[in-house]
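Below are the chains, spelled out letter by letter.
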Amino acid sequence: NGKAIITYTNSNSDLKARAASISGTTITLGTEVELHSYALSSLRECKVAYNKDDDNFLAVWSDNSLQCAAMTVSGTTITKSAATQVANIETRGIGVVYDSRLKHFWAHVSRDGNNNDTTNYYYPITETGATAPSIGTAKTTTFSSYLIDGLNCLYVESDNIVTSIGRITNSGGNQNDIITI
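Computed from a predicted structure; not experimentally measured.

Asks: What exactly am I supposed to notice about the overall build of the chain here?
Replies: The secondary structure content of the chain amounts to 0 helices and 17 strands. Relative to its full complement of 181 residues, the chain shows a buried share of 44%. Contacts spanning at least 24 positions in sequence make up 41% of the contacts within the chain whose residues lie at least 6 apart. Put simply, the chain shows about 8,800 Å² of open surface, and 44% of that area lies on carbon and sulfur atoms.

Asks: Help me out: how do you make sense of the pairing of strand 10 (residues 91-99) in this one?
Replies: One face of the sheet, then the other: side chains in a regular strand alternate in exactly this way. For strand 10, the tally of buried residues reaches 8 of 9 residues, placing the bulk of the element in the interior. Two successive antiparallel strands, strand 10 and strand 11 (residues 104-111), enclose a turn made up of 4 residues, where K103 displays a positive phi of approximately 60°.

Asks: I tried to follow the pairing of strand 11 on my own but got confused; where do I start?
Replies: Here strand 11 lies mainly inside the structure; 8 of its 8 residues are buried. When strand 10 meets strand 11, the two strands line up antiparallel, connected through 8 bridges. Within strand 11, the residue paired with G95 across the bridge is H108. Pairing of strand 11 with strand 12 (residues 119-126), which is carried by 6 bridges, proceeds in the antiparallel orientation. Within strand 12, the residue paired with W106 across the bridge is P124.

Conventions adopted
- Residues numbered from 1 in each chain as written.
- Predicted model: local features only at pLDDT ≥ 70, side-chain atom pairs only at ≥ 80, totals over all residues.
- Heavy atoms only, no water.
- Helix = DSSP H or I, 4+ residues; strand = E, 2+ residues; numbered from the N terminus.
- Buried < 20%, exposed > 50% of the residue type's maximum accessible area, 1.4 Å probe, protein only.
- Contact = heavy atoms within 4.5 Å.
- Areas by Shrake-Rupley, 256 points an atom, 1.4 Å probe, with all protein chains shown as cover.
- Pairing = 2+ DSSP bridges.

Right, here's the structure in full:
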């Protein structure tokens, strides 16, 4: 659709977003909006996915709990929902993707490993425009004692599957793992 959302933190660790309109080789940035005040430390991340069916976006991030916000873009102007808590958990890795078959986003979250908790959660998240997202019941899986970070999610439309790929960080070396839900 020629639009993208860029997220970043400023010097105060506030989570910010800007819309980018892309035309040929020209990129035009919109006005900065705040997604969350003092949200991200150096070990946290924010991921954004696009819903092609409804032409809107979902940002998911961690700030000692998992948060999300829905966004629409008109030109280079972002309209966003209030931040919504997905779960009261600390995370190690975050991935998010839109599932066009089930008509919702999936947020894949790997726990941070505190207290030997290495559970991975897959939260279904539904949104409409820039209204507050609705969070469904998570599916879970555990990978023995592995911590997974660097998560990225992909929806394979031809096969109707959601796949995540991440780096296992405490298995005697880094390796990639593919998880399919």
